[in-house]
Amino acid sequence: GAGVSQSPSNKVTEKGKDVELRCDPISGHTALYWYRQRLGQGLEFLIYFQGNSAPDKSGLPSDRFSAERTGESVSTLTIQRTQQEDSAVYLCASSLVGSRYEQYFGPGTRLTVT
Amino acid sequence: SQQGEEDPQALSIQEGENATMNCSYKTSINNLQWYRQNSGRGLVHLILIRSNEREKHSGRLRVTLDTSKKSSSLLITASRAADTASYFCATDNGANSKLTFGKGITLSVRP
């Protein structure tokens, strides 16, 4: 079946502009995660959605970052007033019922802020 | 603070040799998972080992878990050039239903 998809695959934006990144999880996966990965670094947790529960936003680095998820489907990560330090690959993953199960990752969106 | 920390940070071996990568963590866990990442894109799940398991095999992969030492190792036997990638361990401590990833190990397998 279809895996996790993300769009766009690459995004170049000017400093100060807003960007919106999209993630389509695997159908039936109630858990959805966003991570940020800077060049040569590990994964930095951003936000976690689980079903209809309140999302875990503990990893969002500033109030410029926000995310939404409609039910158990698509999620969007929005970065307002982008800064150069926001340049990174943004990865989305989905899984069944939280971390007891493996996570399936999308290919990521490479964001470059000039 | 980082929960899972892998070592070494980088490993270079000859094709056919075995590669051993280690992961240490700080708090008790429900399970530990290993992932592979090629070319800085999406991660691929390799294997999951639960806290009550000590060893698991999957093809050329062997994972061990020592909860008393809070450590895990990933062994890739008879390595191939295609195994060249970054490898991450991730831990689930059950408190907040999310995984915590380490910084990763860069494995290079020379043909």
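Scroll up a little and you will see the structure.
It should be emphasised that the depicted structure is a prediction, and the values quoted were computed from it without experimental measurement.

1. Some thoughts on the packing of aromatic side chains
At step 1: Considering all chains together, one arrives at eight aromatic pairs over all chains under this definition.
At step 2: Note on Tyr 33 of chain A and Tyr 48 of chain A: the rings are 4.7 Å apart at their centroids and 15° apart in plane angle, and the pair reads as stacked. Here Tyr 33 of chain A is found in strand E4 (residues 31-37), whereas its partner Tyr 48 of chain A is found in strand E5 (residues 44-50), with 15 residues between them in sequence. For the pair Tyr 33 of chain A and Tyr 48 of chain A, a shared accessibility class is recorded, and that class is buried.
At step 3: Here the aromatic rings of Phe 105 of chain A and Tyr 35 of chain B are separated by 5.7 Å at their centres, their planes lie at 80°, and the arrangement is edge-to-face. In this pair, Phe 105 of chain A sits in strand E9 (residues 104-105) while Tyr 35 of chain B sits in strand E4 (residues 31-37), so the two residues belong to two different chains.

2. A few points about the state of the cysteines
At step 1: For the coordinates displayed, the defined rule picks out two disulfides over all chains.
At step 2: Across a sulfur-sulfur distance of 1.8 Å, Cys 23 of chain A and Cys 92 of chain A are joined as a disulfide pair. Residues Cys 23 of chain A and Cys 92 of chain A share a disulfide whose torsion about the S-S bond is about -60°; that sign makes it left-handed. Placement of Cys 23 of chain A in strand E3 (residues 19-24) and of Cys 92 of chain A in strand E8 (residues 88-95) is noted, with a sequence separation of 69 residues between them. For the pair Cys 23 of chain A and Cys 92 of chain A, a shared accessibility class is recorded, and that class is buried.
At step 3: The disulfide partner of Cys 23 of chain B is Cys 89 of chain B, and the gap between their sulfur atoms is 2.0 Å. In this structure, the disulfide formed by Cys 23 of chain B and Cys 89 of chain B twists by about 65° around the S-S bond and is classed as right-handed.

How each quantity is defined
Residues numbered from 1 in each chain as written. Chains lettered and ligands numbered in written order. Predicted model: local features only at pLDDT ≥ 70, side-chain atom pairs only at ≥ 80, totals over all residues. Heavy atoms only, no water. Phe/Tyr/Trp six-rings, centres within 6.5 Å; stacked < 30°, edge-to-face > 60°. Helix = DSSP H or I, 4+ residues; strand = E, 2+ residues; numbered from the N terminus. Buried < 20%, exposed > 50% of the residue type's maximum accessible area, 1.4 Å probe, protein only. Disulfide = S-S within 2.5 Å.

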